[in-house]
Amino acid sequence: MDNKKGISKVGLTALIVSSCVGTGIFGITNSVASAAAAGPALLSWLFVGIGFLFLVLSLNNLSEKRPDLEAGIFSYAGAGFGPLGEFISGWSYWLSAWLGNIAFATMLMSALGTFFPIFKGGQNLPSIIVAIIFCWGLTYLVNRGVESASFINTIGTIFKVIPLILFIIIVIIFFKGQMFTTDFWGQVSNNFSAGTTTGSIFSQMKGTLSTLIWVFIGIEGASVMGHRAKNRSEAQQATIIGFVLLLLIYVMISIIPYGNLTRAQLAGAQQPALGNNLKLIVGNWGAVIINIGLIISTIISWLSWTMLPAETTMLIAKDKVMPAAWGKLNSKKAPTTSLIITAVLQTIFLFSLLFTAKAYDFAYSLASAAILFSYLFVGLYQMKFSWKQHEWGQFAIGLMAALFQLSCMLLSGWQQVLIVSISFIPGFIIYYMSVRENKRILTKAQKYAMSLILLLSVVSIYLIINGTIVIS
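About the thresholds
- Residues numbered from 1 in each chain as written.
- Predicted model: local features only at pLDDT ≥ 70, side-chain atom pairs only at ≥ 80, totals over all residues.
- Heavy atoms only, no water.
- Helix = DSSP H or I, 4+ residues; strand = E, 2+ residues; numbered from the N terminus.
- Buried < 20%, exposed > 50% of the residue type's maximum accessible area, 1.4 Å probe, protein only.
- Contact = heavy atoms within 4.5 Å.
- Areas by Shrake-Rupley, 256 points an atom, 1.4 Å probe, with all protein chains shown as cover.
- pLDDT = per-residue confidence, 0-100.
- 1 Å grid on protein atoms, 1.4 Å probe; cavity = no way out; pocket = protein on both sides within 12 Å on 5 of 7 lines; lining within 4 Å.
- Points joined across faces, edges and corners; volume = space filled by probe spheres on them.
- Nonpolar A, V, L, I, M, F, W, Y, C, P; charged D, E, K, R; others polar.
- Axes fitted to C-alpha atoms, helices over the stretch in contact; angles between N-to-C directions.
- Parallel < 35°, antiparallel > 145°, perpendicular 65-115°, else oblique.
- Left-handed = near helix turned anticlockwise from the far one by under 90°.
- Phe/Tyr/Trp six-rings, centres within 6.5 Å; stacked < 30°, edge-to-face > 60°.
- Lys NZ or Arg CZ within 6 Å of the ring centre and 35° of its normal.
- Polar contact = N/O pair within 3.5 Å; in protein donor to acceptor, adjacent residues only side chain to side chain.

## Some details on the overall build of the protein chain
Helix and strand content of the protein chain: 19 helices and zero strands. Counting every position in the protein chain, which comprises 472 residues, the buried fraction comes to 54%. For the protein chain, the proportion of contacts with a sequence separation of at least 24, taken over those separated by at least 6, is 82%. On the protein chain, roughly 19,800 Å² of surface is accessible, and the fraction owed to carbon and sulfur atoms is 69%.

## Some thoughts on the confidence of the model for the protein chain
Looking at the protein chain as a whole, the pLDDT averages 84, with 89% of positions reaching at least 70. Helix H9 (residues 221-225) is the least confidently modelled element of the protein chain, averaging 58 in pLDDT, while helix H16 (residues 392-411) averages 94, the highest of any element.

## With respect to empty space enclosed by the protein
Within the structure shown, the criterion is met by four cavities of 30 Å³ or more. Of the voids in this model, the second largest cavity is the one considered here, and its volume is about 50 Å³. As for the second largest cavity, its lining consists of Asn101, Thr139, Trp305, Thr306, Pro309, Ala310, Leu339, Thr342, Ala343 and Gln346. Mapped by element, the contributors of at least two residues to the lining of the second largest cavity are helix H13 (284-318) and helix H14 (336-352). Along the lines of polarity and charge, the residues of the lining of the second largest cavity split into five nonpolar, five polar and no charged.

## Quick look at the environment of Thr312
Within the element layout of this structure, Thr312 appears in helix H13. Between the C-alpha atoms of Thr312 and Leu95, which are 217 residues apart in sequence, the distance is 9.8 Å. For Thr312, the residues in contact, after removing those within four places along its chain, are Phe74, Gly90, Tyr93 and Trp94.

## Some remarks on the packing of helix H4 (residues 74-112) against helix H18 (residues 424-437)
Taken N-terminus to C-terminus, the directions of H4 and H18 make an angle of 135°; their axes are 11 Å apart at the nearest point. The orientation of H4 with respect to H18, classified from their angle, is oblique. Classified by chirality, the crossing of H18 by H4 is right-handed. Residues Pro83, Leu84, Phe87, Ile88, Trp91 and Ser92 of H4 touch H18, and the partners they reach there are Phe424, Gly427, Phe428, Ile430 and Tyr431. Looking at the contact of H4 with H18 residue by residue, the classes come out as nine nonpolar, two polar and no charged.

## Describing the packing of aromatic side chains
Counted according to the given criterion, the structure contains 29 aromatic pairs. One aromatic cluster is present, built from ring pairs that chain together Phe87, Trp91, Trp94, Trp98, Trp326, Phe349, Phe373, Phe424, Phe428 and Tyr431. Sitting above the plane of the Phe81 ring, Lys384 keeps its charged end 5.3 Å from the centroid.

## Digging into the environment of Ser34
Mapped onto the fold, Ser34 is located in helix H2 (residues 28-35). At a separation of 2.7 Å, a polar atom in the side chain of Ser34 contacts the main-chain carbonyl oxygen of Asn30.

Quick look at the structure:
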């Protein structure tokens, strides 16, 4: 084994942390405080932290044992459950990726609203028009072969990390223990928590799950980056260290502010919440610093995430579970068809945000729900592979990973999971096109699985029409 080349453990750890930290962290205090007091929020982090640890351990194991599977986490679904499994995983991942870009757009326009009042709130008509211009501009750049070069990512990381470090330092300096412990479990309605959810600890924990899942989207990239390490042992260590550092950063940024501002103030802050929190703590200059960093890092992150949905369809088209046109590359080696289709869908979805009360929350909750399908397949394949290898410890890890994803589907918002199922109506048409294109046949098991998902989508549409599922 050649240990001389490759990224060091420290370098790989930094790469994992910087690639996973996104715009979600800049809005987390609002979303968490709206749903839970400090105590239930800490318990939620414990639950989610343990669950994602099992996912990371599963990804580590599979990347080591099955290095031949090259199409990302979709390959695990394909290896374990055939072409339809890979399509469902890849389609869900693609959906999550471009819905994540909608969240990027609303957060970016909200940050610009700090400097240009016309964009205040991030979801009025001027905001949506400018966001659409950004969407197509970045699509054009990626289609011309302009991907996120390492030096661009470095700039984005600097402008992302420095404001977060500043935020942590300030909230620690101004921390008040008495304020932190006021209604610690959120079961008393008072002026400090007015306008927020009160009630059982369990119900508060449930309310935070979509937010906590959202900020961890991207952790699956750690297993891919692991191959860039000097050796496998360092890759696995860096993955775990990176995960722990991410968890610490997320917990500090979302929990410590309970000791600076009342829960009502945290929950009532407009997005981007971190900037508005600092504005209340130290004045306007805090919001300016946070929002400048957010604007630059969001644009750069959006550039790389414009390629991600297209790269997803390119990989699964290569495995012949989507029509070849979705993976066809132009002279600049960019998948034009997929890029255009994704940009059109993002444009349509951006206009729908005119009718949504909390655009950012709605976009990221759907993105979180969609990614759960992809993560579930990782746990299921970890179980199947480990069972065949008689590796019972690894089987238990896969079982816990799968159970965690299923519990998140039920607890974090079954409504969002049902809404995601609607996307499989056009999705299965596209899958059937690939079946015919590659001269395959649909098995009985595939037909039953597709019928069940389509039934869920019909139920979802009915529940939306009768008002049981409210899109707001």
